[in-house]
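Observations on chain architecture
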Amino acid sequence: MSLGFRVSGRIGKPVAEVFDAVVNPKKLSGYFTTIGGASAPLVAGAGVVWWGKVPVEVDEVEKDSRIVLRWDATDADGKPAYKTRIEMNFEPLDDGGTFVTIAETGWHEDAVGLKKSYLNCEGWSQMLACMKAYVEYGINLRDGYYRSEMKGEPASEDNI
């Protein structure tokens, strides 16, 4: 067994628009990967870089429905030790909005894995809130949100 979590929320825009806000690097950089950006679109089989330094492997992309990513989970010394799996699902709602669910799984069941999973849960929750503000109203909530962002640095465990 491994540690994992799921976060979800409604965004009041059609699924195609919400999905594009994740796969399109210009849009993703407007509310989530704001410092350092996203290097390329999310395309199955591709490798991209977020925040100018975080490698992300794109396993699956089902247009307007699902995205599966993997990225490094670090050990107590901050070195890549294994990968976790991120699955994003986009569900069209009857009211024209989209219900987004993000699940990340695969941390080792130890103190380091637990701590890192909690940090990422915070990050994905914040990403959903920022995506809602950006897609619905054109507002970048991430600007100045974390201490790191106030310094012009990507968020990390040591500077949020």
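Residues numbered from 1 in each chain as written. Predicted model: local features only at pLDDT ≥ 70, side-chain atom pairs only at ≥ 80, totals over all residues. Heavy atoms only, no water.

Read from one edge of the open sheet, 6 strands run S1-S6-S5-S4-S3-S2, paired in antiparallel fashion. At either margin of the open sheet sits one strand with a lone partner, and together these are strand S1 (3-11) and strand S2 (47-50). Strand-to-strand twist in this sheet, taken as the mean axis angle between neighbours without regard to direction, amounts to 25°. Of the strand pairs in this sheet, strand S3 (residues 54-62) and strand S4 (residues 66-74) are connected by 6 bridges, and their pairing is antiparallel. Paired with Val-58 across the two strands is Leu-69, which belongs to S4. Across the face of the sheet, helix H1 (residues 15-23) comes into contact with S1, S3, S4, strand S5 (80-92) and strand S6 (98-107) while running at roughly 160° to S5. Across the face of the sheet, helix H3 (residues 111-137) comes into contact with S1, S2, S4, S5 and S6 while running at roughly 10° to S1. (Pairing = 2+ DSSP bridges. Helix = DSSP H or I, 4+ residues; strand = E, 2+ residues; numbered from the N terminus. Axes fitted to C-alpha atoms, helices over the stretch in contact; angles between N-to-C directions. Contact = heavy atoms within 4.5 Å.)

So, on to the pairing of S2. Covered by surrounding structure in S2 are Val-48 and Trp-50 only, the residues Gly-47 and Val-49 on the alternate face being uncovered. Note that S2 and S3 share 4 bridges and pair antiparallel. Directly across from Val-48, in S3, lies its bridge partner Val-56. Turn length for the S2-S3 hairpin, with the two strands adjacent in sequence and antiparallel, is 3 residues, and the turn residue Trp-51 shows positive phi of about 60°. (Buried < 20%, exposed > 50% of the residue type's maximum accessible area, 1.4 Å probe, protein only.)

What follows concerns the packing of aromatic side chains. Within this structure, the stated rule accounts for 11 aromatic pairs. Ring plane angle 25° and centroid distance 5.7 Å describe the contact between Phe-5 and Trp-107, whose orientation is recorded as stacked. Of this pair, Phe-5 sits in strand S1 while Trp-107 sits in strand S6, placing them 102 residues apart in sequence. The burial state of Phe-5 is the same as that of Trp-107; both residues are buried. Judged by centre distance (5.9 Å) and plane angle (85°), the rings of Trp-50 and Trp-71 are edge-to-face. Residue Trp-50 is located in strand S2, and its partner Trp-71 is located in strand S4; the two are separated by 21 residues in the primary sequence. By way of ring pairs, the aromatic residues Phe-32, Trp-50, Trp-51, Trp-71 and Trp-124 are connected into one cluster. (Phe/Tyr/Trp six-rings, centres within 6.5 Å; stacked < 30°, edge-to-face > 60°.)

This part covers the state of the cysteines. Throughout the structure, instances matching the rule amount to 0 disulfides. Cysteine Cys-121 is unpaired, with the sulfur of Cys-130 as its nearest cysteine sulfur at 15 Å. The class for Cys-121 is partly exposed, based on a relative accessible area of 24%. The exposure class assigned to Cys-130 is buried, which follows from its relative accessible area of 2%. (Disulfide = S-S within 2.5 Å.)

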